[in-house]
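Now for the letters of each chain:
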Amino acid sequence: MTAPSRVVVGFDGSPPAQQALTWGAEAAERHHVPLLVLVAAGDPGYGGYSPLVVPGRAKAEEWAALAHDLLVASGHEGRTAVAVDQLPQRALVDASSPTSLVVVGARGHGRASGVVLGSVSQPVARHARGPVVVVRPPRDADARRIVVGLDGSPASERALDLALREAAADDRPLTAIHACTGGAHRAGDPPPWRGIDERRFPGVPVERVEVVAAPCEALVAASGSAHLVVVGAGHHRAVDALVGGSVSQDVLREARCSVAVVP
């Protein structure tokens, strides 16, 4: 388990993007890695280009300056923002890598103002080459725990890696949830707790929870008292797997705190 090689933040000047900027800058600091802040000006050569969909270069430069000022004001000197001539989804996916961490806000500016980050977060989470964190304020502002969904699959193993890494770096407890509609863990299936049992994280308190429920329902319910929910985005078994495209996208839409999707 290693720290991300860098943190990439998508920024459009909106309050949710400012929350994402804060989250991303703090993540870069605690992992001691570079921070790249991208402001998408739009691609003038794109057939669907419209000034109502993307902000244009002047507005993007204005937002990049705002991001820089916010970073300096919050003590993150030496970190800068870059305006790029790409659509936001493409810019963030292109900047992603298997070892990077991409951070975006749950919502952005409305169409009358420019980029719609709400329409960016889900496609980026589907197509990025590495983990994506979609930031939203937690329902419980005092919540400290990180929640991760496990089903014993390789995708949930990778989700567990990120959850343990974030918990260890930020001194947070971890709740690992195995949820399936078919009841308790079945003989012959990969043990959902294997990734915890095979590793040593003495500084991270881990709670194991097994529930009979649809995976999305279990994670969304747990998100009400969580700081971050982590879910895998890989393929899954047809009946009762915890991770998968539909589950991760549903959790992104419905969770009551920030969500990390791990490919």
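See the structure shown above.
Analysis parameters
Residues numbered from 1 in each chain as written. Predicted model: local features only at pLDDT ≥ 70, side-chain atom pairs only at ≥ 80, totals over all residues. Heavy atoms only, no water. Helix = DSSP H or I, 4+ residues; strand = E, 2+ residues; numbered from the N terminus. Expected span 1.5 Å × (residues − 1). Buried < 20%, exposed > 50% of the residue type's maximum accessible area, 1.4 Å probe, protein only. Core = buried A, V, L, I, M, F, W, Y, C linked by side-chain atoms within 4.5 Å. Contact = heavy atoms within 4.5 Å. Polar contact = N/O pair within 3.5 Å; in protein donor to acceptor, adjacent residues only side chain to side chain. Axes fitted to C-alpha atoms, helices over the stretch in contact; angles between N-to-C directions. Parallel < 35°, antiparallel > 145°, perpendicular 65-115°, else oblique. Nonpolar A, V, L, I, M, F, W, Y, C, P; charged D, E, K, R; others polar. Pairing = 2+ DSSP bridges. Right-handed = clockwise from strand over helix to strand, strands pointing away.

Helix length check: helix H5 (residues 154-170), at 17 residues, gives a terminal C-alpha distance of 25 Å against a target of 24 Å (1.5 Å per residue), a fit within 8%. Of all 17 residues in H5, 12 are buried; the element is thus mostly enclosed. Within the span of H5, buried status applies to Ala155, Ser156, Glu157, Ala159, Leu160, Asp161, Leu162, Ala163, Leu164, Arg165, Glu166 and Ala167.

Let's shift gears to the nonpolar core. One finds Val7, Val37, Val103, Val148 and Val230 to be the most contacted residues of the largest nonpolar core, which totals 44 residues. With 7 residues, the top contributor of residues to this core is helix H1 (residues 15-31). The residues contacting valine 148, other than those within four sequence positions of it, are Ala159, Leu160, Ala163, Leu174, Thr175, Ala176, Ile177 and Val230.

This next bit is on the environment of serine 96. You can see serine 96 is positioned in the loop between helix H3 (88-95) and strand S4 (100-105). Ignoring sequence-local partners within four residues, the contact set of serine 96 consists of Val102, Ala128, Arg129 and Gly130. A distance of 2.6 Å separates a polar atom in the side chain of serine 96 from the backbone oxygen of valine 93.

Time to look at the packing of H1 against H5. Any two packed helices are characterised by how steeply their axes cross, that is the angle between the axes, and by the distance between the axes. Closest axis-to-axis distance for the H1/H5 pair is 10 Å, and the angle between their directions is 80°. Between H1 and H5, the angle is such that the two are roughly perpendicular. On H5, the residues that touch Trp23, Arg30 and His31 of H1 are Arg165, Glu166, Ala169 and Asp170. Counted by class, the contact of H1 with H5 contains 2 nonpolar, 1 polar and 4 charged residues.

Turning our eyes to something else, we now look at the pairing of strand S7 (residues 174-180). Taking burial as the measure, the 7 residues of S7 include 7 buried ones, the bulk of the element. Residues Leu174, Ala176, His178 and Cys180 line one face of S7 and the alternating positions Thr175, Ile177 and Ala179 line the opposite face, and both faces are buried. Pairing analysis gives 4 bridges linking strand S6 (residues 146-149) to S7, with the strands arranged parallel. Bridge pairing links isoleucine 146 to leucine 174 in S7. This β-α-β element, S6 to H5 to S7, shows right-handed connectivity. Strand direction decides the pairing type here: S7 and strand S8 (residues 206-212), joined by 7 bridges, are parallel. The residue of S8 that forms the bridge with alanine 179 is valine 211.

Right, let's get into the environment of aspartate 69. With respect to the element layout, aspartate 69 can be found in helix H2 (residues 57-73). A sequence separation of 12 residues divides aspartate 69 from alanine 81, and the C-alpha atoms of the two residues are 9.7 Å apart.

For the rest of this paragraph, the subject is the sheet that holds S7. Read from one edge to the other, the open sheet built from 10 strands follows the order S3-S2-S1-S4-S5-S10-S9-S6-S7-S8, with strand pairing classed as mixed. Each of the sheet's edge strands pairs with one partner strand only, and the pair in question is strand S3 (81-84) and S8. Across the sheet, the mean angle from the axis of one strand to that of its neighbour is 25°, orientation sign disregarded. Docked against the sheet, H1 engages strand S1 (6-10), strand S2 (35-40), S4, strand S5 (132-135), strand S9 (228-232) and strand S10 (258-262), running at close to 155° with respect to S4. Strands in contact with helix H7 (residues 215-223) are S6, S7, S8 and S9; relative to S7, the strand with the most contacts, it is inclined by about 150°.

Nothing here speaks to function; it is geometry throughout.
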